[in-house]
Structures are given as C-alpha cells and as structure tokens.
Amino acid sequence: MIGIVDYGMGNLFSVSKALERLNVPYFISDVQEELLRADGLILPGVGAFKDAMSLLETTHLKETILTFAESGKPLLGICLGMQLLFEESKENGTTKGLALLPGEVLRIPKEDREGNAYKVPHMGWNLLRYQKSSTLLEGLMEGYVYFVHSYYVHEGSKDVIAASADYAGVEIPAVVSRGNIYGMQFHPEKSGELGMQLLENFTKRVKERVS
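Below you will find a few notes about this structure. As the structure is a computational prediction, the values presented were derived from the model and not from experiment. (Residues numbered from 1 in each chain as written. Predicted model: local features only at pLDDT ≥ 70, side-chain atom pairs only at ≥ 80, totals over all residues. Heavy atoms only, no water.)

## Describing the overall build of the protein chain
In step 1: The secondary structure content of the protein chain amounts to six helices and 14 strands.
In step 2: Computed over C-alpha atoms, the radius of gyration of the protein chain comes to 16 Å, within 12% of the 17 Å expected from 2.2 N^0.38 for 211 residues, which places it in the range of a compact globule.
In step 3: C-alpha atoms of the protein chain, sized along the principal axes, occupy 50 × 40 × 30 Å.
In step 4: The proportion of buried residues among the 211 residues of the protein chain is 53%.
In step 5: If you take every contact in the protein chain between residues at least 6 apart in sequence, the share linking residues at least 24 apart comes to 68%.
In step 6: Counting every atom, the protein chain has about 9400 Å² of accessible surface; 48% of that belongs to carbon and sulfur.
In step 7: In the protein chain, 21 side chains carry a positive charge and 27 a negative one; their mean positions are 1 Å apart. (Helix = DSSP H or I, 4+ residues; strand = E, 2+ residues; numbered from the N terminus. Rg over C-alpha atoms; globule rule 2.2 N^0.38 Å. Buried < 20%, exposed > 50% of the residue type's maximum accessible area, 1.4 Å probe, protein only. Contact = heavy atoms within 4.5 Å. Areas by Shrake-Rupley, 256 points an atom, 1.4 Å probe, with all protein chains shown as cover. Lys, Arg positive; Asp, Glu negative; His and termini not counted. Charge placed at Lys NZ, Arg CZ, Asp CG, Glu CD.)

Below is the structure:
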C-alpha cells in the first residue's frame, strides 16, 4: 500500500488517479501513524518551497517523512515534493529543506550564457536524458516528459542525478535517486506513457521491498 502525503500543497487528485490507472492500492493521509505504516510514500507538491516546509513543520509531517526515509522504505517526491528532499531553497529567501539529498534549489535563469532569452516557468515537454542507472529507469528508453516549474535543483552531488533535462543553459535534474529516496521534477502523471512507466517502476520497487 502506497501512502500519499496530504499536507495541503499536493496535487492529490492527479497522483491518486495515476495510481488507480496502474491498479496500485493507495491511501491519502495527514496522520503520522497511518503514513508510517505505508509500504511506500509519495510526497507531491505544487507551490512555493517556503510555504510547503512551513506546513510540513506545523503539521509535524516533516518528522514523519524523515522517520519514514530512515526506515529504508521507498520515498518518492514529485515536482515541488522532489525539491523538498534537498537541503535548502533560495525561493523567497533561504529555507531549509528535508536534507535527505545534497543540493540547493535555485531559480531557473531567464537567459543562458549567450544571452538567449528563456521563459520562466519552464513549462511543457522536454527530453529526459539518462545519466546513471536507477530502478526508476529500468527498461525505459529516453523520451519526453512534462515540466511546470520556476526553480530547479542545483546539485550538490552528481551521483544523485539519474536523469536530467536541458533548459536555459542549465542542467535540470529531472530524476534523482539515492538508496530508497527518489524524486521526479516533472509530473509523471501528465507525461504520457513514459511518465506512467516511471511511476510504475516506483510502485514495483515498493512491491519488491515488501516481498
């Protein structure tokens, strides 16, 4: 059973519908005891980093997520949820994150080094390029996925980046992976067949650990 963390800033409907399409049992909760009993956890997110961390702290779900991560069970952050896995964000000042992965979150530049202008937010389909092996990428070819974000993870350690996309002259970590911690900057549930396959690979990882 996969738990979806409900802290007030996640796109719960689209994530839950995607799991239903995969015939994967799930529940949505903001109760620590229930979430800690899950076999896998998904941390969705849409909005500002500072607001999200404030809600996680006031609801005590921050410590729930950290405890779950320490258990070794698979944890997946999606979009803002992925960014929250890192050490800090520079959005609206400096805000400390969950620090489960090394790196900081910065605003996407509006132009590259050659002065070419780019629209921010980064919105639309972009090519996913694989950088290292990960259980999320097993059996999948590179392809396009759907992004909507204004901030990106400036990696503190290259070894966490499983796949990336290029935009505005920077490498945007798109799939991150270390141990039982996973993240997707794009929306897998809005990314067609490839996105659903990536999400399914996460659910397979959850099932493998249970068995």
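That was the structure; now back to the text.
## Topic: the packing of aromatic side chains
In step 1: Tallying each qualifying case throughout the model produces four aromatic pairs.
In step 2: Between Tyr118 and Tyr167, the ring centres sit 5.1 Å apart and the planes meet at 70°, which makes this aromatic pair edge-to-face. Residue Tyr118 is located in the loop between strand 7 (103-107) and strand 8 (122-127), and its partner Tyr167 is located in strand 12 (residues 161-167); the two are separated by 49 residues in the primary sequence.
In step 3: Between Phe147 and Phe186, the aromatic rings sit 5.7 Å apart at their centres with planes inclined by 70°, giving edge-to-face as the arrangement. Of the two residues, Phe147 sits in strand 10 (residues 144-149) while Phe186 sits in the loop between strand 14 (181-184) and helix 6 (192-210), which places them 39 residues apart along the sequence. (Phe/Tyr/Trp six-rings, centres within 6.5 Å; stacked < 30°, edge-to-face > 60°.)

## Quick look at the sheet that holds strand 13 (residues 170-178)
In step 1: Within the open sheet, the eight strands sit side by side as 2-1-3-4-14-13-12-9. Their pairing is mixed. Sheet topology places strand 2 (26-29) and strand 9 (129-130) at the edges, where each strand pairs with a single neighbour.
In step 2: In the sheet, strand 3 (residues 40-43) pairs with strand 4 (residues 75-78) via three bridges, with the strands oriented parallel. Residue pairing for strand 4: Leu43 is matched across the bridge by Gly77.
In step 3: Sheet contacts for helix 1 (residues 12-21): strand 1 (2-5), strand 2, strand 3 and strand 4; angle to strand 1, the most-contacted strand, approximately 170°. (Pairing = 2+ DSSP bridges. Axes fitted to C-alpha atoms, helices over the stretch in contact; angles between N-to-C directions.)

## What about the layout of surface pockets?
Rolled over the atoms, a probe as big as a water molecule pinpoints where empty space is left.
In step 1: Quantified by volume, the largest pocket comes out at close to 210 Å³.
In step 2: At the level of secondary structure, the elements contributing two or more residues to the lining of the largest pocket comprise helix 5 (80-83) and strand 10.
In step 3: Considered class by class, the residues forming the lining of the largest pocket number six nonpolar, five polar and two charged. (1 Å grid on protein atoms, 1.4 Å probe; cavity = no way out; pocket = protein on both sides within 12 Å on 5 of 7 lines; lining within 4 Å. Points joined across faces, edges and corners; volume = space filled by probe spheres on them. Nonpolar A, V, L, I, M, F, W, Y, C, P; charged D, E, K, R; others polar.)

## Let's talk about the pattern of salt bridges
In step 1: Under the criterion given, the structure shown has seven salt bridges.
In step 2: For Glu57, the salt bridge goes to Lys62, with nearest N and O atoms at 3.8 Å.
In step 3: Between Lys158 and Glu171 there is a salt bridge; the shortest N-O distance is 2.8 Å. Linking Lys158 in the loop between strand 11 (151-155) and strand 12 with Glu171 in strand 13, this pair joins segments that are 13 residues apart in sequence. (Salt bridge = Lys/Arg side-chain N within 4 Å of Asp/Glu carboxyl O.)

## Here we look at helix 4 (residues 61-70)
In step 1: Every buried residue belonging to helix 4 is among Leu61, Thr64, Ile65, Phe68 and Ala69, and all of these are buried. Projected onto a plane normal to the axis of helix 4, the buried residues spread over an arc of 130° and lie on a single side.
In step 2: Where helix 4 is buried, its residues touch strand 1, helix 2 (32-36), strand 3, helix 3 (49-58), strand 4 and strand 14. (Arc of directions from axis to C-beta.)

## What about helix 3?
In step 1: For helix 3, the complete set of buried residues consists of Phe49, Ala52, Met53 and Leu56. Relative to the axis of helix 3, the buried residues are bounded by an arc of 95° and lie together on one face.
In step 2: Buried residues in helix 3 make contact with helix 4, helix 5, strand 5 (88-89), strand 6 (95-96) and strand 7.
In step 3: Just beyond helix 3, the residue with positive phi is His60, at close to 65°.

Nothing here speaks to function; it is all geometry.
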